[in-house]
Amino acid sequence: MFQCRLVVFLVVLTTPIASSGAARAAAPVTSCEGAQEASGIGLAVELVADGFKQPVHLAAPPGASDRLFIVEQAGTIRIIKAGKTVPTPFLDIRDRVRSGGERGLLSIAFHPAYAANRRFFVYYTDRQGDLVISEFLTTPNDPDQADAFTERRFLAIEHRKYGNHNGGQLAFGPDRFLYIGTGDGGSGGDPDNNAQNLGVLLGKLLRIDVDKPGGGKLYGIPPSNPFLKKKAAPEIWAYGLRNPWRFSFDRGTGDLYVGDVGQNEWEEVNVQPASSPGGENYGWRYMEGSHCYDPPTGCPSRGLTLPVFEYPTPRHAAITGGYVYRGCRMPDLRGTYFYSDYLKGFIGTFVMDKGRATQPRDVTPELTPRSFGSKHQVSSFGEDNQGELYLVEHGGQIYRLVPRQ
């Protein structure tokens, strides 16, 4: 999870493409009409709410501009509604979650038609240590309350050997398919070589269709998945990942930014363009970032997709992937990617230009409230329906990114 070294973000900016075949179209951009804008790139944060217990994710359902959903690691999800925390949890599944270290309830994703069908999905570690992707329903008469008894397990991935590298992110792409990031199974150095094994679902980015079940499963396989007709798990969209704790889609381009936690020396970001047909091999465990790590017969000279952004780091660091800012309040920052280091406590940004990370900045001094001290512990970033960004501090605070006055 977020304790396991810094991530590399691979980012590519592309022109939005119509959603045909495997291409992802950019999501519709929310209108900024009437929004207060601030020029320049000066940044600050404002406290939205605090008192949460080990929050690890933030998401907003489609069309609900006044509600933010906060995932707490132990197994609960809470709502911030119109600036206030709703007292009763939206969902409480602590009885079926194994929490601690890198395990727990790790993220939530709302179905694109959530307002009509009440369906949402969560990613958690069950009591046996396995990775579970489940669907739940909101109660018919109360949008602030989910029904814990409606659970349907869409996918369970065995993960009992080691407790670390659980991955933890799921998100619907602009193509309306559900993307899932899994860790390599744990320990260090991927001793079971799961990330390069196309027969297992660990160390991968998966893509499934939750609306068209098939083959005796609650989900279907999109016909454009790259390994559908090969000797491989058909759910796989990309592979060669160590621990993709957080990934996100750029709502302006449809590009996919994957933060992958490194081993000992390099953190990386991988970015998949919206036009990609999938099938990328991001290199682990052959490579750590763009550097040889543990190749059985030497580093491959071809066939790997290397990160577009990486940086060296000593042991005991862990990157938290964020979002490309596409909000209304700070137009000069649109196109800027935000990330953090969970253990080192810094927050950085860069801008992709023609496939390269440019304009790197350490914005930690700007975003560190005096009352908080000199270090952040960002377990996740979040995005509301207008594209404004939030910082989820594992200590219990939720901050919003705002222009410096």
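Residues numbered from 1 in each chain as written. Predicted model: local features only at pLDDT ≥ 70, side-chain atom pairs only at ≥ 80, totals over all residues. Heavy atoms only, no water.

A. The arrangement of the packing of aromatic side chains in detail. As enumerated under the stated definition, the model contains 23 aromatic pairs in all. Arranged with centres 5.9 Å apart and planes meeting at 20°, the rings of Phe-120 and Phe-136 form a pair that is stacked. Here Phe-136 lies in strand β10 (residues 131-138) and Phe-120 lies in strand β9 (residues 119-125), a separation of 16 residues in the sequence. In this pair, the class of Phe-120 matches that of Phe-136, namely buried. Through pairs of rings, three or more aromatic residues link up here, namely Tyr-257, Phe-309, Tyr-311, Tyr-337, Tyr-339, Phe-346 and Phe-350. (Phe/Tyr/Trp six-rings, centres within 6.5 Å; stacked < 30°, edge-to-face > 60°. Helix = DSSP H or I, 4+ residues; strand = E, 2+ residues; numbered from the N terminus. Buried < 20%, exposed > 50% of the residue type's maximum accessible area, 1.4 Å probe, protein only.)

B. Representation of the nonpolar core. Judged by nonpolar contacts, the single largest core of 50 residues is most densely connected at Phe-90, Leu-91, Phe-120 and Leu-178. Leu-333, Leu-367, Val-378 and Leu-389 belong to the second largest nonpolar core, which has 16 residues in total. (Core = buried A, V, L, I, M, F, W, Y, C linked by side-chain atoms within 4.5 Å.)

C. Seen up close, the state of the cysteines. Inspection of every chain in the model, using the stated rule, returns 1 disulfide. In this model Cys-292 forms its disulfide with Cys-299; the gap between the sulfur atoms is 1.8 Å. (Disulfide = S-S within 2.5 Å.)

D. The pattern of salt bridges, seen in detail. Within this structure, the stated rule accounts for 20 salt bridges. Measuring nitrogen to oxygen at the nearest pair gives 2.9 Å for the salt bridge that ties Arg-119 to Asp-211. One end of the pair, Arg-119, is in strand β9; the other, Asp-211, is in the loop between β14 (204-208) and β15 (236-239), and 92 residues separate them in sequence. Classification of Arg-119 by relative accessible area gives buried; the value is 12%. On the basis of relative accessibility, which here comes to 38%, the residue Asp-211 falls in the partly exposed class. (Salt bridge = Lys/Arg side-chain N within 4 Å of Asp/Glu carboxyl O.)

E. Representation of the sheet that holds β10. Taken together, the 4 strands give an open sheet; going across it, the order is β8-β9-β10-β11, and neighbouring strands pair in antiparallel fashion. Of all strands in the sheet, those with a lone pairing partner are β8 (105-110) and β11 (146-157), marking the two edges. On average, adjacent strands in this sheet sit at an angle of 25° to one another, irrespective of strand direction. Looking at chain direction, β9 and β10 are connected through 7 bridges and run antiparallel. When the bridges of β10 are listed, Phe-121 appears paired with Glu-135. (Pairing = 2+ DSSP bridges. Axes fitted to C-alpha atoms, helices over the stretch in contact; angles between N-to-C directions.)

F. Here's a closer look at the confidence of the model for the protein chain. Confidence along the protein chain averages 90 in pLDDT terms, with 91% of residues attaining 70 or more. For residues 3-21, every residue scores under 50 in pLDDT, and the model assigns this stretch 129 contacts once sequence neighbours within four places are set aside. (pLDDT = per-residue confidence, 0-100. Contact = heavy atoms within 4.5 Å.)

G. Geometry of the sheet that holds strand β28 (residues 398-403). In space, the 4 strands of this open sheet follow the order β2-β28-β27-β26, with antiparallel pairing throughout. At either margin of the open sheet sits one strand with a lone partner, and together these are β2 (43-49) and β26 (378-383). Neighbouring strand axes in the sheet, compared pairwise and without regard to direction, differ in orientation by 30° on average. Judged from the 5 bridges that link them, β26 and strand β27 (residues 389-393) form a sheet pairing that is antiparallel. Note that in β27 the partner of Val-378 across the bridge is Glu-393.

H. Examining the pairing of β14 more closely. Among the 5 residues in β14, 5 count as buried, and that is most of the element. Side chains of β14 alternate between two faces, with Lys-204, Leu-206 and Ile-208 and Leu-205 and Arg-207 buried alike. Sheet topology places strand β13 (residues 178-181) next to β14; 4 bridges connect them, and they run antiparallel. Considered in β14, the bridge of Ile-180 is made with Leu-206. In this sheet, β15 lies alongside β14 in antiparallel orientation, the contact comprising 3 bridges. Within β15, the residue paired with Leu-206 across the bridge is Ile-236.

I. Unusual backbone geometry, seen in detail. Note the cis peptide between Trp-284 and Arg-285, where omega equals 10°. Structurally, Arg-285 is set in the loop between β18 (266-272) and β19 (287-288). If you check the backbone angles, Ala-82 has positive phi at about 50° while not being a glycine. With respect to the helices and strands, Ala-82 occurs in the loop between β5 (76-81) and β6 (84-85). On the basis of relative accessible area, Ala-82 is assigned to the exposed category, the value being 63%. Non-glycine residue His-165 carries a positive phi angle of around 60°. Look at His-165 and you get buried, because its relative accessible area is 0%.

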